[in-house]
Amino acid sequence: MQGALYHSLDDLPQAYDGLMDAAGRANLYFGRPWFRNLIETTTDAGDELLLFGVADDDGRARALFIARRKPGNGFFGTRTVETFANFYTMLAGPIVRPDEERLVDTLGALIRTIREECPDGSILSLPSMDPDSPVFAALLTALSSEGFQTATEFGFGNWYEPTGGIGYAAYHDSLSSRTRNTIRRRTQKLEREHDVRYLLTDGSHDFDEALAAYRQIYDNSWKIPEAYPDFIEGFLNACAEIGALRLGILFVDDTPAAAQIWTVHNGEATIYKLAYDENFRNLSPGSVLTAKIMKDVLDRDRPREVDYGFGDDPYKKEWTRHRRERVTLRAFRTAKPAGALAAARFHVRRVAAQMRDRLIRRPT
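Residues numbered from 1 in each chain as written. Predicted model: local features only at pLDDT ≥ 70, side-chain atom pairs only at ≥ 80, totals over all residues. Heavy atoms only, no water.

A. Region of the structure containing unusual backbone geometry. Even without glycine at this site, D253 takes up a positive phi of about 50°. Residue D253 is classed as partly exposed on the basis of its relative accessible area, which comes to 42%. One non-glycine residue, S284, lies in positive phi territory at about 55°. Mapped onto the elements, S284 comes out in the loop between β11 (268-276) and α9 (285-300). Note on S284: relative accessible area 19%, which makes it buried. (Buried < 20%, exposed > 50% of the residue type's maximum accessible area, 1.4 Å probe, protein only. Helix = DSSP H or I, 4+ residues; strand = E, 2+ residues; numbered from the N terminus.)

B. The arrangement of helix α7 (residues 207-219) in detail. The end-to-end C-alpha distance of α7 is 18 Å, a good match for the 18 Å that 13 residues give at a rise of 1.5 Å each. Among all positions of α7, only F207, A210, L211, A213, Y214, I217 and Y218 are buried. Buried residues of α7 fall within an arc of 165° about the axis and therefore sit on the same side. Turned more than 90 degrees away from the buried face of α7 sit D208 and D219, all of them exposed. Looking at the buried side of α7, the elements it contacts are β8 (196-201), α8 (231-241), β9 (245-252), β10 (255-265) and β11. (Expected span 1.5 Å × (residues − 1). Arc of directions from axis to C-beta. Contact = heavy atoms within 4.5 Å.)

C. Representation of the pairing of β10 within the structure. By the criterion of burial, β10 is predominantly enclosed, with 10 of the 11 residues buried. In this structure, β9 lies alongside β10, joined through eight bridges in antiparallel fashion. By the bridge assignment, V252 is partnered in β10 with T255. Linkage of β9 to β10, two consecutive antiparallel strands, is achieved through a turn of two residues, within which D253 is found at a positive phi near 50°. The pairing of β10 with β11 spans eight bridges and is antiparallel. In the strand pairing of β11, H265 is matched with E268. In this antiparallel pair of consecutive strands, β10 and β11, the connection spans two residues, and N266 shows a positive phi of 50°. (Pairing = 2+ DSSP bridges.)

Structure representation (structure tokens):
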């Protein structure tokens, strides 16, 4: 296998189109539309974009790692190669074909390419990884065989519900009586006392109205302004492009009150982002909107799973009953002084944190 370094998506040979198409069909966060928007809207000043590719001798693309290096950032800044990902990224890692059978060999060739093209790259950082995936296990093996010491850190909790293609009625019946009664009571109260209108678009109709409403709701919500103002609109367009977008708006007395961005892709429905206008807080418009979108998505799209996105917010337990974690994988090239020092500092910090946690939990 042959490895190479590229510096933009446009520089990639055509063979990588097939790789990204296959990976993107399996997961939204590995396709070209996702990365195109992420790179265009969230690249920081001074970022060096790095695309490490591995192809067979006949030119068939086998793996791609889209990464960056940031300037400065202390002693380790220019020595750290990190996945091009941030707080918008729900799942990340090297891009491989879903049917790749030689994962360890392929990822080993990818690690060698990174090492050869970035000889000063002593530290690798890969956030938002699924620790239960075959790619993660193979990557640990490949990194170890290529002389890297690895460690993992907690990233974020992710609540989800296996739905297996059932409709909303069956899902609703499976919820606790408390949750069912809460949904019914809040919906009836809102619709009895106010004029309620519900809009759900996949981008093919009413998109401009829904986007304007989303912006108004977000501006009037508790949320801080977007760190990258152009990302969300680009994300919505990227999802609409591949048929994955479900943007829902709840209007109360003709005023946008709550908004949710969902995606439906390869059998997985994801509640990606939500907000409500603080002026409607006492009416629980978010819960009412969740129920309405859940019904549409389960009845029309029949996904195998509903994913509640980032974080362990308590309200998510009302709708989903399973939890998994995403992690950050750190890899240190300990043959290099910078890598060895970074590994030592990482483990000292971890031990100190564990001791602090034990002291906090110790009964008095």
